[in-house]
Amino acid sequence: MELWDAYNSDYEKLDGVTLIRDDEANFPEGAYHLVCEILVRHVDGTYLLMKRDPTKPLYPNMWEATAGGSALKGETDIKGALRELREETGIVADKLEFLSKDLGGHCWHVRFLCITDCDKNSIKLQEGETCDFKWVTAEEVLSMSETELVGWQMKKHIK
């Protein structure tokens, strides 16, 4: 069972409130969980796209311009983002650049940028989460449609 901290609409943690993954119907009114999304740009200017595993219930086999997922109970947005980045790509970063945050559904979406000089062939896939990856130019990712690309909200951060 995955546990999450709860936040209000002002992005303040709600003391004493724990949320349970896949139980959104029972979230208290005005409670949101934290989702961390990381856009990865190589120092050469290309962006990392990850292909969602075909077994994923939402958006199977689609490309996404983010690594990410929910912050676990006790994690800050940055700690959750760094963990998700490592789990989903194998990239170990020591810092991320804040991009944006907004409410959507039952979630606070907090977006970061990771600039890396990693070996582009060293990306690790996370079983059950991702099944492929590719590095693309800004022009290539910006030309992708919403039917090809999940996380299209990140497009505004691609230069």
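You'll find the structure just up there.
Keep in mind that what you see is a predicted model, and the values were worked out from it rather than measured. (Residues numbered from 1 in each chain as written. Predicted model: local features only at pLDDT ≥ 70, side-chain atom pairs only at ≥ 80, totals over all residues. Heavy atoms only, no water.)

Caption draft 1: Structural detail: the pattern of salt bridges. The full count for this structure, using the stated rule, is 11 salt bridges. With a shortest N-O distance of 2.6 Å, Arg83 and Glu75 are connected by a salt bridge. Residue class for Arg83 comes out buried when judged on its relative accessible area of 10%. Between Arg111 and Asp102 there is a salt bridge, with its nearest N and O atoms 2.6 Å apart. A residue is classified by how much of its surface remains accessible, and Arg111, at 3% relative accessible area, is buried. Exposure remark for Asp102: the relative accessible area of 26% places this residue in the partly exposed category. Each member of the salt-bridge network shares a partner with another, and the members are Glu75, Arg83, Glu84 and Glu87. (Salt bridge = Lys/Arg side-chain N within 4 Å of Asp/Glu carboxyl O. Buried < 20%, exposed > 50% of the residue type's maximum accessible area, 1.4 Å probe, protein only.)

Caption draft 2: Structural detail: the nonpolar core. Formed by 23 residues in total, the largest nonpolar core has its most connected members in Leu34, Val40, Leu85, Ile91 and Leu96. When contributions to this core are tallied by element, the ones reaching two or more residues are β3 (33-42), β4 (47-52), α1 (77-89) and β8 (107-116). Look past the residues within four positions of Leu85 in its chain and what remains in contact with it is Ile38, Val40, Ala67, Gly90, Ile91, Ala93, Leu96 and Cys114. Among the nonpolar cores identified, the runner-up in size contains 14 residues, and Leu39, Ala65, Leu99 and Met154 belong to it. (Core = buried A, V, L, I, M, F, W, Y, C linked by side-chain atoms within 4.5 Å. Helix = DSSP H or I, 4+ residues; strand = E, 2+ residues; numbered from the N terminus. Contact = heavy atoms within 4.5 Å.)

Caption draft 3: Seen up close, the pairing of strand β2 (residues 13-20). Examined bridge by bridge, strand β1 (residues 3-7) and β2 share four bridges and lie antiparallel to one another. Bridging across to β2, Asp5 finds its partner in Thr18. Count of turn residues in the β1/β2 antiparallel hairpin: five residues, of which Tyr11 carries a positive phi of about 65 degrees. (Pairing = 2+ DSSP bridges.)

Caption draft 4: Representation of the layout of surface pockets in the model. Here the largest pocket defines a volume of roughly 1100 Å³. Surrounding the largest pocket, 40 residues form its lining, Val35, Arg52, Leu58, Gly68 and Gly69 being those nearest its centre. Among the secondary structure elements, those contributing two or more residues to the lining of the largest pocket are β3, β6 (67-70), α1, β8 and β10 (149-150). Quantified by volume, the second largest pocket comes out at close to 160 Å³. (1 Å grid on protein atoms, 1.4 Å probe; cavity = no way out; pocket = protein on both sides within 12 Å on 5 of 7 lines; lining within 4 Å. Points joined across faces, edges and corners; volume = space filled by probe spheres on them.)

Caption draft 5: View of α1. Between its first and last C-alpha atoms α1 spans 18 Å; for 13 residues at 1.5 Å apiece the expected length is 18 Å, and the two agree. Gly90, located one to two residues past α1, shows a positive phi value of around 85 degrees. (Expected span 1.5 Å × (residues − 1).)

Caption draft 6: Highlighting the environment of Thr116. The topology assignment puts Thr116 in strand β8. A relative accessible area of 8% means that Thr116 is categorised as buried. Spatially, the C-alpha atoms of Thr116 and Arg41 are 6.4 Å apart, while their sequence positions differ by 75 residues. Excluding residues that lie within four positions of it along the chain, Thr116 makes contacts with Val40, Arg41, His42, Val43, Ile91 and Trp135. Only 3.0 Å separates the side chain of Thr116 from the backbone nitrogen of Cys118, close enough to count as a polar contact. (Polar contact = N/O pair within 3.5 Å; in protein donor to acceptor, adjacent residues only side chain to side chain.)

Caption draft 7: Structural view of the packing of aromatic side chains. Applying the stated criterion across every chain, the model contains four aromatic pairs. Taking 5.1 Å as the distance between ring centres and 75 degrees as the angle between the ring planes, the aromatic pair formed by Tyr11 and Trp108 counts as edge-to-face. Remark: Trp108 occurs in strand β8 and Tyr11 occurs in the loop between β1 and β2; sequence separation between them is 97 residues. For Tyr11, a relative accessible area of 18% translates into the label buried. A relative accessible area of 8% places Trp108 in the buried class. Residues Phe98 and Phe112 carry aromatic rings whose centres are separated by 6.2 Å and whose planes lie at 80 degrees to one another, so their mutual orientation is edge-to-face. Here Phe98 is found in strand β7 (residues 97-104), whereas its partner Phe112 is found in strand β8, with 14 residues between them in sequence. (Phe/Tyr/Trp six-rings, centres within 6.5 Å; stacked < 30°, edge-to-face > 60°.)

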